[in-house]
Amino acid sequence: MDLDVVELSRLQFALTAMYHFLFVPLTLGLSVIVAIMETVYVMTGRPIWRQMTKFWGTLFGINFVLGVATGITMEFQFGMNWSYYSHYVGDVFGAPLAIEGLMAFFLEATFVGLFFFGWEKLSRVQHLVVTWLVAIGSNFSALWILIANGWMQNPVGAEFNPMTMRMEMTSFFEVLFNDVAQAKFVHTVSAGYVTAAVFVLGVSAWYLLGARHVELARRSIAVAASFGLASALSVVVLGDESGYSAGHSQKMKLAAIEAMWETEPAPASFTLFGLPNQEERETHFAIHIPWAMGLIGTRSLTTEIPGINELEAQAEERIRSGLIAYDALLTVRQDREATDPAVMARFEEHSDDLGFAFLLLRYLEDPREASDAEITMAAEDTIPKVWPLFWAFRIMVALGFSFIALMAYFFYLASFKGMQFPRWALRLAVIVIPTPWIAAEMGWFVAEFGRQPWTVDGVLPTALSVSHLGVSELLITLAGFITFYTVLFIVEIGLMLKYIRKGPFMDVAETDAWTARHEHRLRTHDGNVPDATPAE
Amino acid sequence: MTLHDLIAYDLLRVVWWLLIGFLLIGFALTDGFDMGVGTLLPFVARTDIERRMVINTVGPVWEGNQVWFILGGGAIFAAWPPLYAVSFSGFYLAMFAILAALIVRPVAFKYRSKRESTRWRTTWDWALFAGGAVPALIFGVAVGNVLQGVPFYLTDDLYAMYDGSFHAKFLGLLNPFALLTGLVSLSMLITHGAAWLGVKSEGVIVARARRIAVVSGLVTMAGFALAGLWLAVGIEGYSFAQTPITDGPSNPLQSEVIRGGSWLVAYTERPWIIIAPALGFFGTAQAIRGLRRQSELGTFFWSKLAILGMISTVGLTMFPFILPSSKDPNSSLTVWDASSSHLTLFIMLVATLIFMPIILAYTAWVYKVLWGKVTEADVTDAPQSY
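Calculation notes
- Residues numbered from 1 in each chain as written.
- Chains lettered and ligands numbered in written order.
- Predicted model: local features only at pLDDT ≥ 70, side-chain atom pairs only at ≥ 80, totals over all residues.
- Heavy atoms only, no water.
- Helix = DSSP H or I, 4+ residues; strand = E, 2+ residues; numbered from the N terminus.
- Rg over C-alpha atoms; globule rule 2.2 N^0.38 Å.
- Buried < 20%, exposed > 50% of the residue type's maximum accessible area, 1.4 Å probe, protein only.
- Contact = heavy atoms within 4.5 Å.
- Areas by Shrake-Rupley, 256 points an atom, 1.4 Å probe, with all protein chains shown as cover.
- Lys, Arg positive; Asp, Glu negative; His and termini not counted.
- Charge placed at Lys NZ, Arg CZ, Asp CG, Glu CD.
- Core = buried A, V, L, I, M, F, W, Y, C linked by side-chain atoms within 4.5 Å.
- Salt bridge = Lys/Arg side-chain N within 4 Å of Asp/Glu carboxyl O.
- Buried area = accessible area lost by both parts, 1.4 Å probe.
- Polar contact = N/O pair within 3.5 Å; in protein donor to acceptor, adjacent residues only side chain to side chain.
- Nonpolar A, V, L, I, M, F, W, Y, C, P; charged D, E, K, R; others polar.
- Pairing = 2+ DSSP bridges.
- Phe/Tyr/Trp six-rings, centres within 6.5 Å; stacked < 30°, edge-to-face > 60°.

Draft legend 1. Region of interest: the overall build of chain A. Along its length, chain A carries 19 helices and six strands. At 26 Å, chain A has a C-alpha radius of gyration in line with the 24 Å of a compact globule built from 536 residues. Expressed along its principal axes, the backbone C-alpha trace of chain A runs to roughly 85 × 55 × 45 Å. Sorting the 536 residues of chain A into buried and exposed places 62% on the buried side. Contacts in chain A between residues at least 24 apart in sequence constitute 78% of all its contacts with a sequence separation of at least 6. Accessible surface computed for chain A: about 20,200 Å², of which carbon and sulfur atoms make up 64%. Put simply, chain A has 34 plus and 54 minus side-chain charges, and the middle of one group is 16 Å from the middle of the other.

Structure representation (structure tokens):
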């Protein structure tokens with residue numbers, strides 16, 4: 001196998017996925033914030049709320065389109081760059097992706113057009129329903145994508161079929177209610193809400209600093225701070241839930257995040273700070289918080305969390321067990337129905353470790369001929385690089401806690417201090433606009449880099465998952481993506497800034513001429529006088 | 001749980017063959033006119049306001065339409081993982097070109113009218129042209145290559161391998177027959193786009209579109225006929241050496257396939273399938289007639305039927321093959337040996353039966369709300385328009 005192709009495919013996936021996730025969190029959160037604003041408009045009938053809906057809706061649109069465009073890359077990349085992966089797990093992994101299209105993306109994409117073009121053609125309540133459907137659609141989208149991703153982290157409800165050389169689904173409900181997927185979904189969606197809240201807060205703070213659009217900005221801050229506070233709390237609590245599910249399904253990832261080399265007596269301590277050294281398998285200058293890790297990872301004081309060295313030894317055992325499965329597999333595939341029952345039984349006993357035997361394919365063509373040294377190397381490969389995980393995780397957590405403080409402070413000012421915001425706080429709100437994106441990217445980095453060397457944990461190694469491509473093909477597409485994405489990024493940021501500077505526009509819907517025409521249209525459409533036409 | 005045993009595996013496989021066909025046709029019928037309109041844009045609209053009128057005929061719906069394609073890709077992944085794995089990596093650079101077009105197109109719709117500069121807008125107009133024309137062409141080229149067989153083979157581990165350097169692979173796709181099918185696909189969607197403009201636009205735009213569509217309609221018919229003739233005399237078909245097992249495990253290597261004979265044998269085995277190409281011809285002819293008589297709705301209706309007929313022709317002619325291998329015919333993917341497991345096909349069917357009617361209902365509602373021609377005032381009045 002060509003390791004350059006593996007590394008280039010990984011690089012391409014990392015770049016396109018992280019780029020895609022620049023737009024997704026804002027879409028998730030802003031769709032809900034806009035829907036909340038429009039709900040207030042429909043309930044109170046005050047035009048300022050319609051103006052807010054349209055203004056934030058415009059920014060939502062600029063962002064949304066790039067989320068859609070870069071999302072297509074994600075779906076197609078599995079087949080293009082990861083064809084063995086697609087074959088090997090498509091039976092399980094494909095289903096949530098397809099259901100995402102059926103249940104969520106269709107909804108979101110069909111109604112987003114009406115959100116922008118429907119103001120004149122729909123009654124107020126109808127338009128509100130459309131906006132909520134867009135928000136619900138994008139959030140459901142995240143649900144199915146995270147069910148798919150959760151399965152890569154914790155592959156439940158499936159088993160290997162030697163006849164088809166792939167994983168096949170045995171229980172859709174286990175895939176659906178995979179606790180890793182559920183915890184990740186709520187954590188990710190809440191992170192999206194925080195991102196949007198920080199964005200709305202920051203932009204509004206910038207208006208207040210310049211004393212522009214004060215009415216709009218203050219109300220927006222009120223929405224952003226309350227919505228953001230709830231979401232920021234939920235991110236941290238549900239992040240803890242993720243840690244708990246990682247504690248029983250992805251022990252190596254958890255140990256790497258903690259740079260926990262040796263198994264500690266329960267309850268393990270949490271390393272607040274330190275400099276992990278992978279060669280010496282030691283963390284220098286470590287500051288520990290006693291008990292914390294044991295509580296987060298196991299919710300008990302007596303359960304041990306295994307350290308990296310112990311997990312490595314377990315991996316070596318599983319490689320040896322996987323080799324028995326691999327050997328039996330070749331016979332089973334050859335003899336099919338006529339397979340000797342003893343071989344079949346041997347295969348079934350060890351088939352859960354088959355993926356570990358594949359780790360050896362990196363070193364030699366026939367894993368059965370592996371030497372002890374090669375098996376040791378393959379076992380060592382199961383340890384991800386520790387320091388990037390250690391640090392990315394800590395940056396994410398620190399930012400997560402700081403969002404709670406930020407949102408709580410603004411919520412307090414908005415609720416109890418009559419919206420009197422000190423200038424330093426407004427400046428701070430502007431400066432921190434990019435930070436939720438950093439936290440979100442760090443989170444994905446921890447989840448996916450921490451899964452290495454697997455694409456599907458314990459089932460399929462990353463190195464085996466790639467397509468049969470040449471380095472030149474990958475370089476062409478990689479260069480293409482980088483060029484494209486850079487240009488689009490510049491264009492997007494430029495337009496965002498232009499529309500933020502411009503601020504809310506004078507709405508034609510506020511003119512008499514428009515109102516008259518709107519009423520006329522609605523009447524001629526269904527023959528009735530509309531019950532809800534903006535006539536302020 | 002054995003609920004899925006209620007529907008036999010081989011029946012489910014045929015049902016999924018129909019459903020994937022349904023999704024691809026759904027894509028061609030809806031996003032097809034978006035691509036046609038994009039291709040026509042620089043030619044039917046000269047001034048900025050004309051162009052905005054054209055863009056806004058598809059502005060509110062292209063996003064939903066494009067989901068047919070995304071869902072088609074997702075459904076192929078879920079229902080035919082081997083096809084998804086082999087074709088997307090095998091047509092690598094072609095897929096990248098489609099991706100590039102599909103990335104640029106949404107952005108062009110959304111961003112084009114957000115700045116005043118003429119250069120900015122003209123650039124995005126050509127991006128819309130490419131975003132329509134390039135995928136329309138490549139989809140047809142892909143079909144042409146599938147009919148001829150693709151040079152891949154599967155190892156015993158079912159790892160998909162491809163023959164030749166990547167230059168040969170990419171340029172090999174652009175063979176004469178595939179270019180012909182590419183041309184049919186492009187001209188078919190141009191005609192469809194013009195038919196849509198007839199329904200949604202007015203005046204000089206429609207007049208220009210009509211003139212182009214008469215020509216593209218004739219090209220479609222001639223190209224379709226020529227491709228049929230070519231299939232009859234110049235292209236080898238594929239068939240099973242023995243009667244295949246239709247409900248066995250999905251392993252393409254377990255059946256023997258021979259290359260030789262003609263695809264058109266299908267028309268003696270299943271004579272009724274002649275309906276599909278007949279509908280392709282008749283529909284296109286009627287659409288051209290509709291253009292001449294300026295009957296917009298009729299043109300659009302017949303154009304849809306023509307697309308239905310032409311795409312079905314490919315599927316029905318090849319059945320049960322979905323991706324034949326020219327390098328190693330035994331690796332060919334067919335309906336019987338390239339599907340998902342029984343359980344996955346069943347679950348996906350249940351999901352489709354629940355959600356597809358809902359999708360069709362709300363899509364219909366959205367089209368109803370947006371019914372009517374896009375006028376100049378619509379574009380200039382609404383600050384949200386493209």
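Draft legend 2. Focus on unusual backbone geometry. Residue Pro453 of chain A follows Gln452 of chain A across a cis peptide bond; omega there is 10 degrees. Omega for the peptide link from Phe319 of chain B to Pro320 of chain B comes to 5 degrees, which places this bond in the cis form. Secondary-structure assignment places Pro320 of chain B in the loop between helix H12 (296–318) and strand E5 (321–323). Positive phi, normally seen in glycine, also occurs at His213 of chain A, with a value near 40 degrees. Tracing the backbone shows His213 of chain A in the loop between helix H6 (179–209) and helix H7 (214–249). Overall, His213 of chain A belongs to the partly exposed group, its relative accessible area being 27%. Phi at Met419 of chain A is positive, roughly 60 degrees, even though this residue is not glycine. Tracing the backbone shows Met419 of chain A in the loop between helix H14 (386–416) and helix H15 (423–431).

Draft legend 3. Region of the structure containing the nonpolar core. Trp56, Tyr88, Phe199 and Phe410 of chain A together with Tyr111 of chain B are the most contacted members of the largest nonpolar core, which has 294 residues in total. At 22 residues, helix H3 (residues 83–117) of chain A tops the list of elements feeding residues into this core. If sequence neighbours within four positions are ignored, Trp56 of chain A has contacts with Leu30, Val34, Met37, Phe199, Val200, Val203, Ser204 and Ser220 of chain A. Of all hydrophobic cores here, the second largest spans 23 residues; its members include Ala255, Ile383, Val386 and Phe393 of chain A.

Draft legend 4. Spatial organisation of the pattern of salt bridges. Tallied over the full model, the rule gives 21 salt bridges over all chains. Measuring nitrogen to oxygen at the nearest pair gives 3.4 Å for the salt bridge that ties Glu316 of chain A to Arg320 of chain A. Placement of the pair is Glu316 of chain A and Arg320 of chain A together in helix H10 (residues 308–335), with a separation of four residues, close to one helical turn. Among the residues examined, Glu316 of chain A registers a relative accessible area of 24% and is labelled partly exposed. Ionic pairing is found between Glu296 of chain B and Arg210 of chain B, a salt bridge with its closest N-O pair at 3.9 Å. In this pair, Glu296 of chain B sits in helix H12 while Arg210 of chain B sits in helix H9 (residues 203–233), placing the two residues 86 residues apart along the sequence. With a relative accessible area of 18%, Arg210 of chain B lands in the buried category.

Draft legend 5. Region of interest: the interface of chain A and chain B. Across the contact, 87 residues belong to chain A and 79 residues belong to chain B. Buried area between chain A and chain B, summed over both chains or domains, comes out near 7,700 Å², and the portion from carbon and sulfur atoms is 72%. Three residues stand out in chain A for area buried against chain B, namely Leu102, Phe106 and Phe117 of chain A, and they jointly supply 10% of the buried area on that side. For Arg333 of chain A, the salt bridge identified is with Asp157 of chain B, shortest N-O distance 2.8 Å. Here chain A and chain B share 20 residue pairs in polar contact (both at pLDDT 80 or more) between them. By residue number, the principal contributor to the side of chain A that touches chain B is H3 of chain A, which donates 26 residues. Residues of the side of chain A that touches chain B, tallied by class, amount to 48 nonpolar, 25 polar and 14 charged.

Draft legend 6. Region of interest: the pairing of strand E2 (residues 166–169) of chain A. Taking every second residue as pointing to the same face, both faces of E2 of chain A are buried, with Arg166 and Glu168 of chain A on one and Met167 and Met169 of chain A on the other. Linking strand E1 (residues 158–161) of chain A back to E2 of chain A in an antiparallel pair, the connection comprises four residues, with Met165 of chain A at a positive phi of about 55 degrees.

Draft legend 7. Highlighting the packing of aromatic side chains. All names here are of chain A. Tallied over the entire structure, the rule returns 69 aromatic pairs over all chains. Centroid distance Phe60 to Phe115: 6.4 Å. Interplanar angle 80 degrees. Geometry classified as edge-to-face. Highlighted residues: Phe60 in helix H2 (residues 47–81) and Phe115 in helix H3, separated in sequence by 55 residues. Here Phe60 falls in the buried class, since its relative accessible area comes to 3%.

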